[in-house]
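Report on the structure
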Amino acid sequence: MIKRTITALALIIVFATAFMIGNSALTFLIQGIILIAGYEVYTVKKDKWPFPILIMILVILFSANFVAPNLVLPFLSIMLITTLFASIVSVKFSLEDALFVFFMLFVLSLALMSIKEVMTFKLTVFAYIIIATFVTDTFAYLGGSLFGKHKLIERISPNKTIEGAVIGYIASVILSLVFAKFFVDLNLSIILVSSFVIPIVSQIGDLTFSMVKRTYGIKDFGFILPGHGGVLDRIDSIVFSLLVFNVILTLLG
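One numbering rule holds for all chains: residues counted from 1, following each sequence as written. With pLDDT at 70 or above as the cut-off, local features in this predicted model cover only qualifying residues; side-chain atom pairs require 80 or more to be listed or tallied, and sums for whole chains, interfaces and linings still use all residues. Only heavy atoms go into the side-chain values, all of them from the structure, while hydrogens and water stay out.

1. Quick word on the pattern of salt bridges
Between side chains of opposite charge, a pair can form when the charged atoms approach closely. Our working definition: Just to be clear on terms, a salt bridge is a Lys or Arg side-chain nitrogen sitting within 4 Å of an Asp or Glu carboxyl oxygen. Strands here mean DSSP runs of E at least two residues long; helices mean DSSP runs of H or I at least four residues long; both are numbered from the N terminus. Relative accessibility decides the category of a residue: with a 1.4 Å probe and only protein chains considered, values under 20% of the type maximum give buried, values over 50% give exposed, and everything between is partly exposed.
With the rule as written, the count across this model stands at five salt bridges. Of the charged contacts in the structure, one is a salt bridge between Lys213 and Asp233, with a shortest N-O distance of 2.8 Å. Residue Lys213 is found in helix H8 (residues 188-216), and its partner Asp233 is found in helix H9 (residues 231-252); the two are separated by 20 residues along the sequence. By the burial criterion, Lys213 is buried, and Asp233 matches it. Here the salt bridges do not stand alone but share partners, grouping Lys45, Lys48 and Asp97 into one network.

As structure tokens, this is what we get:
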């Protein structure tokens, strides 16, 4: 518990500092975090996969920072071909491995592209997404601990409950709308749809990464954050929130 608290405080300080410096510093910080997440993808089977797979993962994620909106489809196509080619030439990197890595790179790359779009707005927009996401997570945990009786999806995450999910959703909708009213200057339709959709999608992200860990028999993706596990263990929800927010911006912006 002490380690978890200290780590949380350290993360708050780091992100608060980046926020005060500005968009560029925060973007750079997030890009670095995504690269660490890429390394954690590799560690899922680092004892089996050859080292060039790590290089491939990092190069693809680094390249994602420079993909223009009109080049997203070509980039994803090249990424698919590259990962499949790796499975063809390496006997230690199976087709199943290639599809897993492609899925993780697909999600992380789109998150990087979404970040670039979000950072064209004021930092309060990014703060709004963070609040909508982590309020969901925090209140789902607290609500489940206090009132949870019915399992949400036990085969994926035995500790999550329906009551916790509902409490997390309601708390996120209320608090994100309140924050947006005073600090976010965006179209009302974007705010309304985002506040009602992000809490759902963020929990889908959490459950998706839990499913990955259960499939590969790992407790945490890493150990870089004492008491919290790895970077992927912390950003699973926010990654999906960024994706859906970017979709909402595209459709309603």
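2. Digging into the packing of helix H6 (residues 123-147) against helix H7 (residues 162-183)
As a reminder, the rule being used: The axes are straight lines fitted to the C-alpha atoms, using for helices just the contacting stretch, and the angles between their N-to-C directions are given from 0 to 180°. Put simply, angles under 35 degrees are roughly parallel, angles over 145 are roughly antiparallel, angles from 65 to 115 are roughly perpendicular, and the rest are oblique. What makes a crossing left-handed is the near helix being turned counterclockwise from the far one by less than a right angle; a clockwise turn instead makes it right-handed. The contact criterion used throughout is that any non-hydrogen atoms of two residues lie within 4.5 Å.
Across the interface, H6 lies against H7 with an axial gap of 7 Å and an inter-helix angle of 150°. In terms of orientation, H6 lies roughly antiparallel with respect to H7. Considering only the axes of H6 and H7, their crossing is right-handed. Where H6 approaches H7, its residues Thr124, Ala127, Tyr128, Ile131, Ala132, Val135, Thr136, Phe139, Ala140, Gly143, Gly144 and Phe147 are matched on the opposing element by Glu163, Gly164, Ala165, Ile167, Gly168, Ala171, Ser172, Leu175, Ser176, Phe179, Ala180 and Phe183.

3. Concerning the packing of aromatic side chains
The line we're drawing: Only rings of Phe, Tyr and Trp enter the pairing, Trp through its six-membered ring, and a pair is recorded when the two centres are within 6.5 Å. The plane angle decides the type: under 30 degrees is stacked, over 60 is edge-to-face, the rest tilted.
Following the criterion strictly, the structure yields 10 aromatic pairs and no others. When the centroid spacing of 6.3 Å and the interplanar angle of 40° are considered together, the rings of Trp49 and Phe100 count as tilted. Note that Trp49 is positioned in the loop between helix H2 (23-43) and helix H3 (51-64) and Phe100 in helix H5 (residues 95-118), a separation of 51 residues in sequence. Like Trp49, the residue Phe100 is buried in the burial classification. Measuring from ring centre to ring centre gives 5.2 Å for Phe62 and Phe66, while their planes differ by 65°; the resulting arrangement is edge-to-face. The exposure class assigned to Phe62 is partly exposed, which follows from its relative accessible area of 46%. Here Phe66 falls in the exposed class, since its relative accessible area comes to 60%. Linked through ring pairs, Tyr42, Trp49, Phe93, Phe100 and Tyr216 together constitute an aromatic cluster.

4. What to know about the nonpolar core
To keep it simple, the criterion reads: Among buried residues, the Ala, Val, Leu, Ile, Met, Phe, Trp, Tyr and Cys ones that are joined through side-chain atoms within 4.5 Å form a nonpolar core.
Membership of the largest hydrophobic core comes to 69 residues, with the highest contact counts inside it found for Ile57, Phe100, Leu108, Tyr128, Leu232, Ile235 and Phe245. Contributing elements (two or more residues each) for this core: H2, H3, helix H4 (72-89), H5, H6, H7, H8 and H9. The greatest single-element share of this core, amounting to 14 residues, is contributed by H5. Those residues in contact with Phe245 that sit more than four places away from it in its chain are Val118, Val125, Tyr128, Ile129, Leu186, Ile190, Ser194 and Ile198.

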